[in-house]
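# What the coordinates show
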Amino acid sequence: MDIKNSVIIVTGASAGIGEATVRLLAEMGANVVITARRADRLAQLVDSLAGLPGRRLAVAGDIRENAFAKELVARAVAEFGRVDVLVNNAGLGQRIFLSEMAPEDVTTLLDTNVNGLIWATQAVLPHMKKQGSGQIINISSIVGQRPLALSGLYCASKTAVNFISRALRMELQHSSITVTLVYPGRTLTEFGTARLGGKGDNPSPIGRASAEKVAKSIARAIRYHRIEVYVTWYDWLFTHINRLFPRSIDWILGKAARFA
Ligand SMILES: NC(=O)c1ccc[n+]([C@@H]2O[C@H](COP(=O)([O-])OP(=O)(O)OC[C@H]3O[C@@H](n4cnc5c(N)ncnc54)[C@H](OP(=O)(O)O)[C@@H]3O)[C@@H](O)[C@H]2O)c1
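Before going into details, it helps to say that this report is about the structure given with it. (Residues numbered from 1 in each chain as written. Predicted model: local features only at pLDDT ≥ 70, side-chain atom pairs only at ≥ 80, totals over all residues. Heavy atoms only, no water.)

### Overview of the pairing of strand S2 (residues 31-35)
Heads up, the condition is: Categorising residues by exposure relies on relative accessible area from a 1.4 Å probe, with only protein chains included: less than 20% of the type maximum marks a residue as buried, more than 50% marks it as exposed, and the intermediate range marks it as partly exposed. Only runs of H or I of at least four residues qualify as helices and only runs of E of at least two qualify as strands under DSSP, and these elements are numbered from the N terminus. Strands qualify as paired when DSSP identifies two bridges or more between them. Classification remark: right-handed applies to a crossover when, strands pointing away from the viewer, the course from the first strand over the helix to the second runs clockwise.
With five of five residues buried, S2 lies mostly within the body of the structure. Of the two faces of S2, the one holding Asn 31, Val 33 and Thr 35 and the one holding Val 32 and Ile 34 are both buried throughout. As judged from the five bridges shared by strand S1 (residues 7-11) and S2, these two strands associate in the parallel manner. By the bridge assignment for S2, Val 10 is matched with Ile 34. In this fold, the crossover linking S1 to S2 by way of helix H1 (residues 16-27) has right-handed handedness.

See below:
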């Protein structure tokens, strides 16, 4: 798909992967609808993109709210007349033992990572069906394919994203709407400070990719209608080694978490 002049909604656009994706898509000439809760960050992002081709529309709100997701898509359609791509990127991490998680934190994590993605998808689909085309890009994680200690619920939320996306892909296979899963590994963003529980970096022998690298993978997924996207070769390798030796990897990662 030609990104120039297309209309793309990016959730979680106030930081990290979402922000880098918006910058790249704007440079490529897309009209981008940006959303997150922090209105000031969105306004700064819009200002910093002045002079680039295409237009930007900032709609601040909480993606956990079904009514907000409907409003977001309605504003995008009112402004641009269509939505070509929805990037479901907003997300929240966890670094806390499951046994210690407060009930409201469990709800917050699932509402953000799973329900928010469902609300935005449900809001955009009728428009894409009417247009006869569209792409929904769901930002998962390599840990949606294998759990980590201290992040069990987060990993499960990404597994839910994987299964929801694949089921939706089957439901839409007779339409021209594509459902894409992107699997970033460790990425340098605000994720570690925003997450529930312990802040900071997780000890790991694997390096972190930049948010810009993930953004490039997302742009390529749009350009070439890719449906399954790994950002780095070592994420791909890790995922496939894990499939061969799941119990050994459990043991190694469990040991690493105990000494963190
Ligand atoms: N960083 C990594 O290592 C990594 C690895 C694999 C996958 N991922 C996934 O990549 C995606 C982006 O993460 P990131 O690393 O860029 O994290 P980040 O820097 O913390 O950005 C998260 C974004 O989500 C938004 N957000 C969070 N809760 C929200 C809510 N209730 N309503 C609306 N927006 C909300 C935040 O904006 P506001 O706070 O302004 O609302 C922010 O813009 C997430 O889905 C994450 O799970 C990240």
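### Brief notes about the site of the ligand
Operational definition: One heavy atom within 4 Å of a molecule or strand is enough for the residue carrying it to be called near that molecule or strand. In protein, a polar contact requires one atom able to donate a hydrogen and another able to accept it; more generally it is a pair of N or O atoms within 3.5 Å, and residues adjacent in sequence count only if both atoms are side-chain atoms. Per-residue and other accessible areas were derived by the Shrake-Rupley procedure at a 1.4 Å probe size, with only the shown protein chains allowed to occlude residues. Three classes are used: nonpolar for Ala, Val, Leu, Ile, Met, Phe, Trp, Tyr, Cys and Pro, charged for Asp, Glu, Lys and Arg, and polar for all others, with Gly counted as polar.
Inspection of the region around the ligand gives 30 residues, with Ser 14, Arg 37, Arg 38, Tyr 154 and Thr 189 positioned closest. Contacts to the ligand include Phe 191, whose backbone N or O atom sits 3.4 Å from an oxygen atom. Protein chains bury 95% of the 880 Å² of accessible surface belonging to the ligand in isolation. Within the shell around the ligand, the residues separate by chemical class into eleven nonpolar, twelve polar and seven charged.

### A look at helix H3 (residues 66-80)
Each turn of an α-helix holds 3.6 residues, which means side chains three or four residues apart point in the same direction. Put simply, the rule is: To estimate how far a helix should extend, the number of its residues minus one is multiplied by 1.5 Å. The arc in question is the one spanned by the directions pointing from the helix axis to the C-beta atoms. Residues count as neighbours in contact if any of their non-hydrogen atoms are within 4.5 Å of one another.
The first and last C-alpha atoms of H3 sit 21 Å apart over 15 residues, in line with the 21 Å expected at 1.5 Å per residue. Restricting attention to buried positions, one finds in H3 the residues Phe 68, Ala 69, Leu 72, Val 73, Ala 76 and Phe 80. The buried residues of H3 occupy one face: seen down the axis, they fall within an arc of 135 degrees. Away from its buried face by more than 90 degrees, H3 exposes Ala 67, Lys 70 and Ala 78. Close packing links the buried residues of H3 with S1, S2, strand S3 (56-58) and helix H4 (103-131).

### Brief notes about the packing of aromatic side chains
As a reminder, the rule being used: When two rings of Phe, Tyr or Trp (its six-membered ring) have centres within 6.5 Å they constitute a pair, described as stacked for plane angles under 30 degrees, edge-to-face for angles over 60, and tilted for the intermediate range. Definition used: whenever NZ (Lys) or CZ (Arg) falls within 6 Å of the ring centre and also within 35 degrees of the ring normal, the charge is taken to sit over that ring.
Overall, the coordinates contain three aromatic pairs when judged by the stated rule. We note Arg 166 situated over the ring of Phe 163; from NZ or CZ to the ring centre the distance is 5.5 Å. Geometry around Tyr 224 places Arg 223 over its ring, the cationic atom sitting 5.6 Å from the centre.

### Considerations on the environment of Val 73
Tracing the chain through its elements places Val 73 in helix H3. Overall, the relative accessible area of 1% leaves Val 73 in the buried class. For the pair Val 73 and Val 33, spaced 40 residues apart in sequence, the C-alpha to C-alpha distance is 9.0 Å. Excluding residues within four positions of it along the chain, Val 73 makes contact with Ile 9, Ala 120, Ala 123, Val 124 and His 127.

### Let's talk about the nonpolar core
This is how the line gets drawn: For our purposes a nonpolar core is just a set of buried Ala, Val, Leu, Ile, Met, Phe, Trp, Tyr and Cys residues, chained together by side-chain atoms within 4.5 Å.
Ranked by internal contacts, the top residues of the largest apolar core, which has 31 residues, are Ile 8, Leu 25, Ile 137 and Ile 218. Listing elements by their share of this core, those giving two or more residues are S1, H1, S2, helix H2 (39-48), strand S4 (85-88), strand S6 (134-139) and helix H7 (211-223). A total of seven residues in this core trace back to one element, the largest contributor, which is H7. If near-sequence neighbours (up to four positions away) are discounted, Leu 25 is found in contact with Ile 3, Ile 8, Val 10, Ala 30, Val 32, Ala 219 and Ile 222. With 24 residues, the next largest nonpolar core counts Ile 9, Ala 69, Val 124 and Met 128 among its residues.

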